[in-house]
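Descriptive structure summary
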Amino acid sequence: MISTVDPERLPGALIKALQQAERIVALSGAGLSAESGIPTFREAQTGLWAKHDPMTLASPEGFARQPELVWQWYQWRRSLVAQSQPNAGHRALVELERRRPETRLITQNVDGLQQTAGSAQVLELHGNLKRTICSQTGKEIGEQWLARHSDIQPPPSPHHPEGRARPDVVWFGEALNHDTLQQAIEASQHCDLMLVIGTSGLVHPAASLPLLGREHGARLIEVNPQTTALSEQVDWHWPQTSAVALPRLIDAL
């Protein structure tokens, strides 16, 4: 049975768990950035992009077949991020870090808004849309090089003769960065409390992190307007958006 939080009256046990926690992990998904106007991966496939298969737009095979198409889609997504600002949920997590220095932030988002809000240490499981890397070597490509070769889509890579510029995000069929994932696993194993924010609980391995935390004794608070695949597994399901709920959590500290 799902233990649903009444937004008008927070459970005393939830507040106590929050106040006593020394090591907090916040795992965020697309819902955190939704109120900043960032569409989810699926929502971004609208208009001109609706006719394209996700595997064409977000896989190494699709990039190899139609590099210009994939590059243009990600450039469009980057323009959406450039027009967006962090919301109250992002800022609340920054404040949580300030009050609880042992807090670890783990995100599935690729928009970089948590860093824009002021967080210095964020474990980005799926990469960052703002960074560009070489398709052959994985080395980062600077903005000056990209601007100098903007007439070619995607620009060539300065690191490899057969390389092309591509976004530094994890595509279908690609493995997550080993070191980043390992740090996320270790943080989940050693936390007292985990906030599961705006994530569907369907994308693995990220979706397994809350369960890993629970196995090691952590209490789980899910912040999501909808119930998810994880809702039956958490201690408290808080059915509000992160921009509304997270500032209230900070006030409870």
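Throughout what follows, the structure given in this document is the object of discussion. (Residues numbered from 1 in each chain as written. Predicted model: local features only at pLDDT ≥ 70, side-chain atom pairs only at ≥ 80, totals over all residues. Heavy atoms only, no water.)

Turning our attention to the packing of helix H6 (residues 88-99) against helix H11 (residues 242-252). At a minimum axis separation of 7 Å, H6 and H11 run at an interaxial angle of 25°. For the element pair H6 / H11, the angle class is roughly parallel. Note that H6 runs across H11; the crossing there is left-handed. The segment H6 lies against H11, with Ala88, Gly89, Ala92, Leu93, Glu95, Leu96 and Arg99 engaging Ser242, Ala243, Leu246, Pro247 and Ile250. (Axes fitted to C-alpha atoms, helices over the stretch in contact; angles between N-to-C directions. Helix = DSSP H or I, 4+ residues; strand = E, 2+ residues; numbered from the N terminus. Parallel < 35°, antiparallel > 145°, perpendicular 65-115°, else oblique. Left-handed = near helix turned anticlockwise from the far one by under 90°. Contact = heavy atoms within 4.5 Å.)

Take the nonpolar core next. Residues Leu93, Leu193, Leu195 and Leu246 are the most contacted members of the largest nonpolar core, which totals 26 residues. Those elements that place two or more of their residues in this core are helix H1 (12-20), strand E1 (24-28), H6, strand E6 (193-197), strand E7 (219-223), strand E8 (236-238) and H11. Residue contributions to this core peak at five residues, all from H11. Setting aside chain neighbours within four positions, we find Leu246 in contact with Leu32, Gly89, Ala92, Leu93, Ile197 and Val223. Of all hydrophobic cores here, the second largest spans 17 residues; its members include Cys191, Met194, Leu209 and Val234. (Core = buried A, V, L, I, M, F, W, Y, C linked by side-chain atoms within 4.5 Å. Buried < 20%, exposed > 50% of the residue type's maximum accessible area, 1.4 Å probe, protein only.)

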